[in-house]
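# Understanding the architecture of this molecule
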Amino acid sequence: MKTRVTVHDIATHAGVSIGTVDRVMHNRSGVSPASRQKVLDAMEQLGYRLNTTASLLANKKHYRICCLLPKYTAGDYWGLVHGAIGRAESDAAHYNVSIETIDYDQFSREEFLGAVERLKANPPQGVIMAPIYHSDTIELSHYLAEHKIPLVFIDSKVAEAEYMAYYGLPMFESGYLAASLLLGDSAPESIVNFRIERGATEVDNPTLNRRQGFLDYVAHHHPTLDIYNEFLRPYDRNYNFELMDRFFAAHPEVRHIVTFNSRVHLIADYLAERQMGSGMNVVGFDLLERNCEALRSGAVRWLIVQRTEVQLRRGVDALAERLAFGKLPAQRDNFMPMDILTSANIEYYSELYKG
């Protein structure tokens, strides 16, 4: 009795030509749905297991995924995302997938639109992006859908856009979690939310969804709480220090601080230099090394972090399977875990931000 199933065996069992079997195995066009199903049924009945890696590499068909991402400076959140691209590309190599990055200044809509035009000039087979500009992201998603280019969101999503999948935190719930940490065992009269100044341009700022989750918790548990809002500039230390000097001089009673972006280290640096860290309760987001240093020092009490690299790699994998096999993710929105870090467990996460 034969133990090795051959292409000839499959063709004979299915009643099709060897060429048809070869096209099905290598996911090529030119096969009717009925004939394709016959081949797949024959492979199953004969116990044939296709070596997908060898098959795809032999196919010689190459796929290109474009990552449309904000630029970064050393220590920024987006550096974590860019740093994961090489590892994601290595994961996808057996699909014949390569990854191209097109970056832009997240505070410049003109740069974003220029990046979109570069993408359209040489369209890829799939796109991964973290949305910043709301209406422009929706418009781009329509273009991609029209050209049958699947889109994956990471970090945050635009619900109105046409996209294949999302990999990231549940934003509203992450804000609710921040409120429960900051206010769950205390009842202050007032707190301050330090936000990032982004100008007048319409953006899809994921921190707005986090903030809404935070406010929902407050509405249910601390309806009389006063929330002050102050806006920092991410790259202007002198401006930020002057702003916080004025705020705390006017509101010395405020001991609870929240920021919904990745730059809680800006606040921690100020508190450390002004020797104000004692008795402060600060919650922030994201696994940046500077944030982790602030957690160790006690300037920050809690960090809510996401597995940034996992988001990107799962997004790339989903696109690769869609391109190579026509396979869609089991679900569209794939919400990732929210880890709560304190000074007691930060050392067990060091490989994720030193990566």
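You'll find the structure just up there.
If you're wondering where the values come from, they're calculated on a predicted model, not measured in any experiment. (Residues numbered from 1 in each chain as written. Predicted model: local features only at pLDDT ≥ 70, side-chain atom pairs only at ≥ 80, totals over all residues. Heavy atoms only, no water.)

## Quick word on the sheet that holds strand β5 (residues 165-168)
This is how it is decided: Any two strands are treated as partners once DSSP identifies two or more bridges connecting them. To qualify as a helix, a DSSP run of H or I must reach at least 4 residues; to qualify as a strand, a run of E must reach at least 2; elements of each kind are numbered from the N terminus. Comment: axis = line fitted to C-alpha atoms, over the contacting stretch for helices; angle = value between 0 and 180 degrees taken between N-to-C directions. It only takes one pair of heavy atoms within 4.5 Å for two residues to be counted as in contact.
With parallel pairing, 6 strands are arranged side by side in an open sheet as β2-β1-β3-β4-β5-β11. Pairing within the sheet leaves two strands with one partner each, and these edge strands are β2 (97-104) and β11 (333-335). Between one strand axis and the next, the sheet turns by 20° as a mean value, whatever way the strands run. By the bridge criterion, 3 bridges tie strand β3 (residues 126-129) to strand β4 (residues 151-154) in an arrangement that is parallel. Looking at the pairing, Met 129 lines up with Phe 153 of β4. Sitting on the sheet, helix α6 (residues 109-121) is in contact with β1 (63-70), β2 and β3, with an inclination near 150° to β2. Packing of helix α13 (residues 308-325) onto the sheet brings it into contact with β1, β2, β3, β4, β5 and β11, and relative to β1 it is tilted by some 150°.

## Digging into helix α5 (residues 77-91)
Quick note on the threshold: Each helix should span, by expectation, one fewer than its residue count multiplied by 1.5 Å. Fitting one axis to the seven residues ending at a residue and another to the seven starting there, the bend at that residue is the angle between the two axes. Exposure classes here rest on a 1.4 Å probe applied to the protein chains alone. A residue is buried below 20% of its type maximum, exposed above 50%, and partly exposed in between.
With 15 residues, α5 extends 22 Å between its outermost C-alpha atoms, agreeing within 8% with the 21 Å of an ideal straight helix rising 1.5 Å per residue. Along its length, α5 shows its largest kink, about 30°, at Ile 85. Within the span of α5, buried status applies to Tyr 77, Trp 78, Gly 79, Val 81, His 82, Ala 84, Ile 85 and Ala 88. Next to the buried residues of α5 lie β1, β2, β4 and α13.

## Focus: the environment of Phe 260
Mapped onto the elements, Phe 260 comes out in the loop between β8 (256-258) and α11 (264-273). Along the backbone, Phe 260 and Gly 284 are 24 residues apart, and their C-alpha atoms lie at a distance of 6.1 Å.

## With respect to the sheet that holds strand β6 (residues 190-196)
Paired through backbone hydrogen bonds, the strands of a sheet run either parallel or antiparallel to each other. Strand order in this open sheet of 6 strands is β7-β6-β8-β9-β10-β12, and the pairing throughout is mixed. Of all the strands in the sheet, the pair left with one neighbour each is β7 (226-232) and β12 (339-341). Adjacent strand axes in the sheet meet at a mean angle of 20°, parallel and antiparallel pairs treated alike. Of the pairings in the sheet, the one linking strand β9 (residues 281-285) to strand β10 (residues 302-305) comprises 3 bridges and is parallel in character. Bridge pairing in β10 places Gly 284 opposite Leu 303. Lying on the sheet, helix α8 (residues 171-183) is in contact with β6, β8, β9, β10 and β12; it crosses β9 at an angle near 165°.

## Considerations on unusual backbone geometry
Here Lys 148, not a glycine, exhibits a phi torsion of approximately 55°, which is positive. Structurally, Lys 148 is set in the loop between α7 (134-146) and β4. A positive phi is found at Asp 286, a non-glycine position, where the angle reads about 85°. Here Asp 286 shows up in the loop between β9 and α12 (289-297). Taking relative accessible area as the criterion, Asp 286 reaches 4% and is therefore assigned buried.

## Some words on the packing of aromatic side chains
Rules: Any Phe, Tyr or Trp ring, taking Trp's six-membered ring, that has another such ring centre within 6.5 Å forms a pair; planes under 30 degrees apart are called stacked, those over 60 apart edge-to-face, and the others tilted. Two thresholds decide whether a charge sits over a ring: the Lys NZ or Arg CZ must be within 6 Å of the ring centre and within 35 degrees of the ring normal.
Tallying each qualifying case throughout the model produces 15 aromatic pairs. Aromatic pair Phe 247 and Phe 248: ring centres 5.1 Å apart, planes at 85°, arrangement edge-to-face. Grouping residues by exposure puts Phe 247 and Phe 248 together as buried. Members of the aromatic cluster, each reached through a chain of ring pairs, are Phe 194, Tyr 228, Phe 241, Phe 247, Phe 248 and Tyr 270. Above the face of the Phe 285 ring, Arg 210 is positioned so that its terminal group lies 4.1 Å from the ring centre. In this structure, Arg 233 is placed above the aromatic ring of Tyr 239, and the distance from its NZ or CZ to the ring centre is 3.8 Å.

## Focus on the environment of Ala 159
Tracing the chain through its elements places Ala 159 in the loop between β4 and β5. Sequence separation of Ala 159 and Glu 293 is 134 residues, and the distance between their C-alpha atoms is 35 Å.

## Some thoughts on empty space enclosed by the protein
Note the following rule: In the cavity and pocket records, a cavity denotes points on a 1 Å grid over the protein atoms alone where a 1.4 Å probe fits but cannot get out, a pocket denotes an open set with protein on both sides within 12 Å along at least 5 of 7 lines, and lining residues are residues with an atom within 4 Å of a point. Grid points are joined across faces, edges and corners, and a volume is the space filled by probe spheres set on the points.
Under the counting rule described, the total for this entry stands at 1 cavity of 30 Å³ or more. Forming the boundary of the largest cavity are 22 residues, of which Tyr 77, Trp 78, Asp 155, Arg 198 and Ser 262 lie nearest the centre. Mapped by element, the contributors of at least two residues to the lining of the largest cavity are α5 and α9 (206-221). Ranked by residue count, the leading element in the lining of the largest cavity is α9, at 3 residues.

## Quick word on the side chain of Asn 281
For the record, the criterion: Contacts described as polar in this section are N or O atom pairs within 3.5 Å, which, within protein, must combine one atom able to donate a hydrogen with one able to accept it, while residues neighboring in sequence count only if both atoms come from side chains.
The residue Asn 281 is located in strand β9 in this model. The class of Asn 281 is buried, set by a relative accessible area of 14%. One polar contact links Asn 281 to His 256, side chain to side chain, over a distance of 3.5 Å. Ignoring anything within four residues of it in the chain, the contact list for Asn 281 reads Leu 182, Arg 255, His 256, Ile 257, Arg 301 and Trp 302.

## Observations regarding the packing of α6 against α7
How we decide: Any angle between 65 and 115 degrees counts as roughly perpendicular, while under 35 counts as roughly parallel, over 145 as roughly antiparallel, and the rest as oblique. Residue type decides the class: Asp, Glu, Lys and Arg count as charged, Ala, Val, Leu, Ile, Met, Phe, Trp, Tyr, Cys and Pro as nonpolar, and the leftover types, Gly among them, as polar.
Taken N-terminus to C-terminus, the directions of α6 and α7 make an angle of 5°; their axes are 12 Å apart at the nearest point. Taken together, the axis directions place α6 and α7 in an arrangement best described as roughly parallel. Residue-level contacts link Arg 109, Phe 112, Leu 113, Val 116, Leu 119 and Lys 120 of α6 to Asp 136, Thr 137, Leu 140, Tyr 143 and Leu 144 of α7. Residue composition of the contact of α6 with α7, by class: 7 nonpolar, 1 polar and 3 charged.

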